[in-house]
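Now for the letters of each chain:
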Amino acid sequence: MKLYYADHFVLPLPEGHRFPMEKYSRLRARLLACDEFDEADFVVPAAAGDEEILRAHDAGYLARVVAGTLDAAEVRRIGFPWTAAMVERSRRSAGATLAACRSALAGDGGSACAANLAGGTHHAHRDFGSGFCVFNDAAIAALAMRAEGRVRRVAIIDCDVHQGDGTAAILAGEPEVFTCSLHGAKNFPFRKQTSDLDVELADGTGDAAYLAVLDQALETAFARARPELVIYLAGADPYAGDRLGRLALSIDGLRMRDERVLGACRDAGVPVAVAMAGGYAEPIDDTVGIHFNTVTTAARLLRGAR
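Figured I'd write up the structure that's included with this text. Remember, it's a predicted structure, so these values are computed and weren't measured experimentally.

Parameters and conventions
- Residues numbered from 1 in each chain as written.
- Predicted model: local features only at pLDDT ≥ 70, side-chain atom pairs only at ≥ 80, totals over all residues.
- Heavy atoms only, no water.
- Helix = DSSP H or I, 4+ residues; strand = E, 2+ residues; numbered from the N terminus.
- Rg over C-alpha atoms; globule rule 2.2 N^0.38 Å.
- Buried < 20%, exposed > 50% of the residue type's maximum accessible area, 1.4 Å probe, protein only.
- Contact = heavy atoms within 4.5 Å.
- Areas by Shrake-Rupley, 256 points an atom, 1.4 Å probe, with all protein chains shown as cover.
- Pairing = 2+ DSSP bridges.
- Right-handed = clockwise from strand over helix to strand, strands pointing away.
- Polar contact = N/O pair within 3.5 Å; in protein donor to acceptor, adjacent residues only side chain to side chain.
- Phe/Tyr/Trp six-rings, centres within 6.5 Å; stacked < 30°, edge-to-face > 60°.
- Core = buried A, V, L, I, M, F, W, Y, C linked by side-chain atoms within 4.5 Å.
- Expected span 1.5 Å × (residues − 1).

## Some thoughts on the overall build of the chain
- A count of helical and extended segments in the chain gives 10 helices and eight strands.
- Taken over C-alpha atoms, the radius of gyration comes to 17 Å for the chain, in line with the 19 Å a tight globule of 306 residues would show.
- When the backbone C-alpha atoms are referred to their principal axes, the chain occupies close to 45 × 40 × 40 Å.
- Looking at the chain as a whole, 59% of its 306 residues qualify as buried.
- Nonlocal contacts in the chain, meaning residues at least 24 apart in sequence, comprise 75% of its contacts between residues at least 6 apart.
- For the chain, the computed accessible surface area is about 11400 Å², with 49% contributed by carbon and sulfur atoms.

## Description of the pairing of strand 4 (residues 154–158)
- With five of its five residues buried, strand 4 lies for the most part within the structure.
- Residues Val154, Ile156 and Asp158 line one face of strand 4 and the alternating positions Ala155 and Ile157 line the opposite face, and both faces are buried.
- Relative to strand 5 (residues 177–184), strand 4 runs parallel, the two sharing five bridges. Residue pairing across strands places isoleucine 157 opposite cysteine 180, the latter belonging to strand 5.
- Once the chain exits strand 4 it traverses helix 7 (residues 165–170) before rejoining the sheet at strand 5, and the crossover so formed is right-handed.
- Here five bridges tie strand 4 to strand 7 (residues 229–233), and the two strands are oriented parallel to one another. Its bridge partner being in strand 7, isoleucine 156 is matched across the sheet by isoleucine 231.

## So, the side chain of asparagine 136
- Examined against the element boundaries, asparagine 136 turns out to sit in the loop between strand 3 (113–116) and helix 6 (137–147).
- Accessibility expressed as a relative area gives 0% for asparagine 136, which makes it buried.
- Of the polar contacts made by the side chain of asparagine 136, one reaches the backbone oxygen of alanine 124; its length is 3.1 Å.
- With near-sequence residues (within four places) excluded, asparagine 136 lies in contact with His57, Thr121, His122, Ala124, Gly166, Thr167 and Ile170.

## Regarding the environment of cysteine 133
- Within the element layout of this structure, cysteine 133 appears in the loop between strand 3 and helix 6.
- Given a relative accessible area of 4%, cysteine 133 falls into the buried group.
- Through-space distance from the C-alpha of cysteine 133 to that of leucine 70 is 14 Å; in sequence the pair is 63 residues apart.

## What to know about the packing of aromatic side chains
- Summed over the entire model, instances satisfying the criterion amount to nine aromatic pairs.
- With a centroid separation of 5.3 Å and an interplanar angle of 90°, the aromatic rings of phenylalanine 19 and phenylalanine 80 are classed as edge-to-face. Of the two residues, phenylalanine 19 sits in the loop between strand 1 (3–4) and helix 1 (23–33) while phenylalanine 80 sits in the loop between helix 4 (72–78) and helix 5 (84–106), which places them 61 residues apart along the sequence.
- Residues tyrosine 61 and phenylalanine 135 carry aromatic rings whose centres are separated by 6.4 Å and whose planes lie at 80° to one another, so their mutual orientation is edge-to-face.

## Thoughts on the nonpolar core
- One finds Ile157 and Tyr232 to be the most contacted residues of the largest nonpolar core, which totals 54 residues.
- The next biggest cluster of nonpolar side chains, apart from the first, holds 48 residues, and it includes Ala56, Ala94, Ala118 and Ile156.

## Focus on helix 9 (residues 251–268)
- Taking 1.5 Å per residue as the helical rise, helix 9 with its 18 residues ought to reach 26 Å, and the 26 Å between its terminal C-alpha atoms agrees with that figure.
- Every buried residue belonging to helix 9 is among Gly253, Leu254, Arg257, Asp258, Val261, Leu262, Gly263, Ala264 and Cys265, and all of these are buried.
- Remark: glycine 269 follows helix 9 within two positions and exhibits a positive phi of approximately 70°.

Given below as structure tokens:
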């Protein structure tokens, strides 16, 4: 199972910035130290190129990002200060999901699964970035896999606590790409978009209620989408201890969530690319542990499952 990482492409942030950038390097270090993976399983992805990005994003927006001519309001909406390093990191993160999709479809490493150890930048819209998201890696990857003739039907299963609004908007005119989002009803973004399947959750939703609606959502998504590839956004932020989450899942509940999603892919014989998406717990090690569980659960359930 290949794990694609770009944490050494540093996105410089000012002191006290609330985005936990160090979670990515900590996750890779913890995975390297476990017995599940060899060093050869960790791969630096190629950067997403203009042609790949432009299937999902407006040419003017891409040009402003690359040139550093985003206006102040656009920069505030993204939430990161513009630097050339931000552009490269964003390209690499999208490239990691592209690579994970290709690897999972090819059975690279003997697995029907691969992972981006970052990604899940689902708030990026066609012509603007938002909520710490510059380029929408899931939309870019889904459209690329179709354009490359690797698959016809893709399902994006988004279990970040925040709605995948950018993904829904970008892919609204793509009937062969099914978007499913389970998210907090009252959480960001406050102006929701329309996914193919939206499941809105009340503040304080815990393990049992979440897993029950997830089971129903997976049954519906697989029946309607009949996917040949799943892109799974495995956000750590439904966790009860997440600063931005407002739900109440336990770490064990999130592990069971991963088992449900990844098990459904295995049972349907569908390759899956996993992206980590959000996570803002304090201590940061809780977020890292949740992401670690996702990746090791994927390896356990999907290695050799072709």
